[in-house]
Amino acid sequence: MTRYAEVIGDPIAHSKSPTIHGFWLERAGLDGDYRRAHVRPADLAAYLAERRGDPDWLGCNVTIPHKQAVLPLLDVVDPVAAGIGAVNTIVACNGLLTGYNTDAPGFLEPLRPLLDERHLLRTARIFGAGGAARAIAHGLWGEGFTLILAARNVDAAAEIAAGFDSGHVHVTSLAHFAEPLDFDWKDMEGRLDVVVNATSCGMTGQPPLDLDFSHMPPGAIVYDAVYTPLETPLLAQARALGHPIVDGLQMLIGQARIAFRHFFDVDAPADAESEAALRALLLA
């Protein structure tokens, strides 16, 4: 029998994970498979109990709405996932189920060259208060960033902030960033600023993020977790103003790369030709 992993969620037909992992399996010449499984909330416990007894099942990625619901059903939860309070990758080994969160390190992957440098100050402005925002906040916090969390639901942002034991986390309303800011940014030397959209704003069919760029420090990296469309209105405006940008496809691929290693115990192909071919496949 072929060993396999899969992605679970409700709904699940839209997931690009089978495309990504299937591409890597074929590219690497590995004997394995990656599938989708539509699992409704009422069936989650039964699904895991059944898969636990399947010797060919390597584990699964977890998407909405199960990322928090799976926590009490696992044998072990990685400290990073426990801190975030959500699991997006379950690995089966010797009958035990271990939960990980690859969203945070996947988000950081395209920033890694800059994170390896030294800075006098690191500040991140994160828009949103959902699961993606929570993982991104934990990832950036671990890299020494002061966090500014902005959301329509300020209480939800405050709940994320409460998980950090420090005064270097600030909470405000998303509406605050829609108003012009009269501020002299002065000398930006030695600073690293990241602006992250972790809301659905700008996604196909959704209104754009209402953001006045006077809030953006010169040279700030603008990172949008949305990947449909690939260049959101936020990224288009940032590019026009000369800001470095990172699109959501990089985070999607980054988190999948870490999960692939967990499942198949090899690194996903990462050469330039493979990266370009995968992006073209996902955008087709």
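Further up the page is the structure itself.
Residues numbered from 1 in each chain as written. Predicted model: local features only at pLDDT ≥ 70, side-chain atom pairs only at ≥ 80, totals over all residues. Heavy atoms only, no water.

Caption draft 1: Region of interest: the pairing of strand β6 (residues 96-100). Both strand β4 (residues 76-77) and β6 contribute to a ladder of two bridges, which runs parallel. Residue pairing in the sheet places V77 in a bridge with G99 of β6. Here strand β5 (residues 89-93) runs beside β6; their pairing, made up of five bridges, is antiparallel. Considered in β6, the bridge of I90 is made with G99. (Pairing = 2+ DSSP bridges. Helix = DSSP H or I, 4+ residues; strand = E, 2+ residues; numbered from the N terminus.)

Caption draft 2: Broad picture of unusual backbone geometry. With omega at 10°, the peptide bond leading from D10 into P11 counts as cis. Along the chain, P11 turns up in the loop between β1 (4-9) and α1 (17-28). With an omega of 5°, the peptide bond running from T228 to P229 counts as cis. Considering the arrangement of structural elements, one finds P229 in the loop between β11 (221-224) and α8 (233-240). With a phi angle near 55°, N94 is a residue other than glycine that sits in the positive phi range. In this fold, N94 is placed in the loop between β5 and β6. Unusually for a residue other than glycine, D265 sits at a positive phi of about 60°.

Caption draft 3: Examining α8 more closely. For α8, the complete set of buried residues consists of L234, L235 and A238. The buried residues of α8 all sit within an arc of 95° when viewed along its axis, so they share a single face. On the buried face of α8, the contacting elements are β10 (191-197), β11 and β12 (245-246). Once α8 ends, the next one or two residues include G242, with phi positive near 90°. (Buried < 20%, exposed > 50% of the residue type's maximum accessible area, 1.4 Å probe, protein only. Arc of directions from axis to C-beta. Contact = heavy atoms within 4.5 Å.)

Caption draft 4: Representation of the side chain of T146. Relative to the assigned elements, T146 resides in strand β8 (residues 146-151). With near-sequence residues (within four places) excluded, T146 lies in contact with L121, R122, T123, A124, H168 and H170.

Honestly, that's just the spatial picture; any functional story needs more than this.
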